[in-house]
Amino acid sequence: MLSSIEKTLKSYHPKPLGQDRAYAVLLPLMRIDDEWHVLYEVRSEKISQPGEVAFPGGRIEEGECPEAAAIRETQEELNLPKKAITILGEIDYLVQHHRTIHCFVGEININCLSAICPNKDEVAKVFTIPLSSLMETPPTYYKLRAKMKPGEDFPVDRLHKNGKDYRFTSRSDKIPFYEQGPETLWGLTAMFTHRFTEIIKECDID
């Protein structure tokens, strides 16, 4: 039996415990007037989280790798051919609330922003922010607290002798907001943006 367990574990690919959804996004870079910019989308009113700023991306389909999902979603949302997207690499990914989000950095090989005609069913508009501005001015982080509250059928009496008085932990998150740009850039998109600029600074990339 032990040999069977060992064989099973050697071929098993670990994944975040509790994960039931996986997503991939692309942090798109564009060269505009000899300066690098980061491209952002404003989500359409027809989809979830309407009006929010986001990167192109979406759910990873069955049998699809994260990088392929990021490319596919970017093609669909920005109406771009695959040859217009060059993946440069992946940065840190996020595990949060039963979901994993991968973030890839890629170059959009388009001469100007006006040449991009996004899918209006998903994207209201696109805009860019100079990478130099994002590197010079980091986001401001604001605290957001959430307290765990057990449901009515949760067996609190089984926790310890005074189960009803059990102190559940509260969670405190820090949510980033960038102050520059034509739209409010915050949350996960701002988090990935900030981490990307930190990686560039750590490696002393010009």
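Since this is a predicted model, take the numbers as computed values, not measurements.

Could you clarify how one ought to interpret the pairing of strand β2 (residues 35-43) in this entry?
Sheet faces and side chains relate simply in a regular strand, where the side chains alternate between the two faces. Among the nine residues that make up β2, seven are buried, leaving the element largely enclosed by the rest of the structure. Across four bridges, the pairing between strand β1 (residues 21-32) and β2 is antiparallel. Residue pairing for β2: M30 is matched across the bridge by H37. Counting the residues between successive antiparallel strands, the hairpin from β1 to β2 contains two residues, one of them, D33, with a positive phi of roughly 50 degrees. Here β2 runs beside strand β8 (residues 123-130); their pairing, made up of seven bridges, is antiparallel. Within the sheet, the bridge partner assigned to V38 lies in β8 and is I129. Looking at chain direction, β2 and strand β3 (residues 53-54) are connected through two bridges and run antiparallel. Within the sheet, the bridge partner assigned to V42 lies in β3 and is V53.

What am I meant to see in the UniProt feature "domain: Nudix hydrolase" (unreviewed entry) in the chain here?
UniProt annotation of "domain: Nudix hydrolase" (unreviewed entry) refers to residues 20-152 when read in the numbering used here. Each end of residues 20-152 is marked by a C-alpha atom, and these two atoms are 25 Å apart; helix forms 14% of the span and strand 46%.

Before we go on, may I ask you to explain the side chain of H194 in this structure?
Among the secondary structure elements, H194 is positioned in helix α4 (residues 187-202). If near-sequence neighbours (up to four positions away) are discounted, H194 is found in contact with P138, P139, Y141 and Y178.

Explain the pattern of salt bridges here, please?
Side-chain pairing between opposite charges can occur once the charged atoms of the two side chains come close. Scanning the entire structure with this criterion turns up eleven salt bridges. Among the salt bridges present, the one from R72 reaches E64, with a minimum N-O distance of 2.8 Å. For E64, a relative accessible area of 19% translates into the label buried. Across the pair R171 and D173 runs a salt bridge, and its minimum N-O distance is 3.1 Å. Through salt bridges with shared partners, a single network forms among E61, E64, R72, E73 and E76.

What is the right way to look at the packing of aromatic side chains in this model?
One pair of aromatic rings is described through two measures. These are the centre distance and the angle between the planes. As enumerated under the stated definition, the model contains six aromatic pairs in all. A ring pair is formed by Y142 and F177, whose centres lie 5.5 Å apart and whose planes are at 85 degrees; its orientation type is edge-to-face. Taken together, the residues Y142 in strand β9 (residues 140-147) and F177 in strand β10 (residues 170-178) connect sequence positions 35 residues apart. A residue is classified by how much of its surface remains accessible, and Y142, at 43% relative accessible area, is partly exposed. Between F154 and F168, the ring centres sit 5.8 Å apart and the planes meet at 75 degrees, which makes this aromatic pair edge-to-face. A residue pair is termed long-range when its members are at least 10 positions apart, and F154 in the loop between β9 and β10 and F168 in the loop between β9 and β10 qualify at 14 residues.

It is not clear to me how α4 should be interpreted in this structure. Could you clarify?
Owing to its 3.6 residues per turn, the α-helix brings residues three or four apart onto one side. With 16 residues, α4 extends 22 Å from end C-alpha to end C-alpha; this agrees with the ideal 22 Å at 1.5 Å per step. Burial in α4 covers these residues: G187, T189, A190, F192, T193, H194, F196, T197 and I200. Once α4 finishes, D204 follows within two positions and takes phi at roughly 55 degrees, a positive value.

I keep staring at the state of the cysteines and nothing clicks. Help me out?
Summed over all chains, the structure comprises zero disulfides. As a non-bridged cysteine, C65 has C103 as the owner of its nearest cysteine sulfur, 15 Å distant. Exposure remark for C65: the relative accessible area of 41% places this residue in the partly exposed category. By relative accessible area, which is 0% here, C103 ends up buried.

About the thresholds
Residues numbered from 1 in each chain as written. Predicted model: local features only at pLDDT ≥ 70, side-chain atom pairs only at ≥ 80, totals over all residues. Heavy atoms only, no water. Buried < 20%, exposed > 50% of the residue type's maximum accessible area, 1.4 Å probe, protein only. Helix = DSSP H or I, 4+ residues; strand = E, 2+ residues; numbered from the N terminus. Pairing = 2+ DSSP bridges. UniProt positions renumbered as here; feature names shortened; annotations may be inferred. Contact = heavy atoms within 4.5 Å. Salt bridge = Lys/Arg side-chain N within 4 Å of Asp/Glu carboxyl O. Phe/Tyr/Trp six-rings, centres within 6.5 Å; stacked < 30°, edge-to-face > 60°. Expected span 1.5 Å × (residues − 1). Disulfide = S-S within 2.5 Å.

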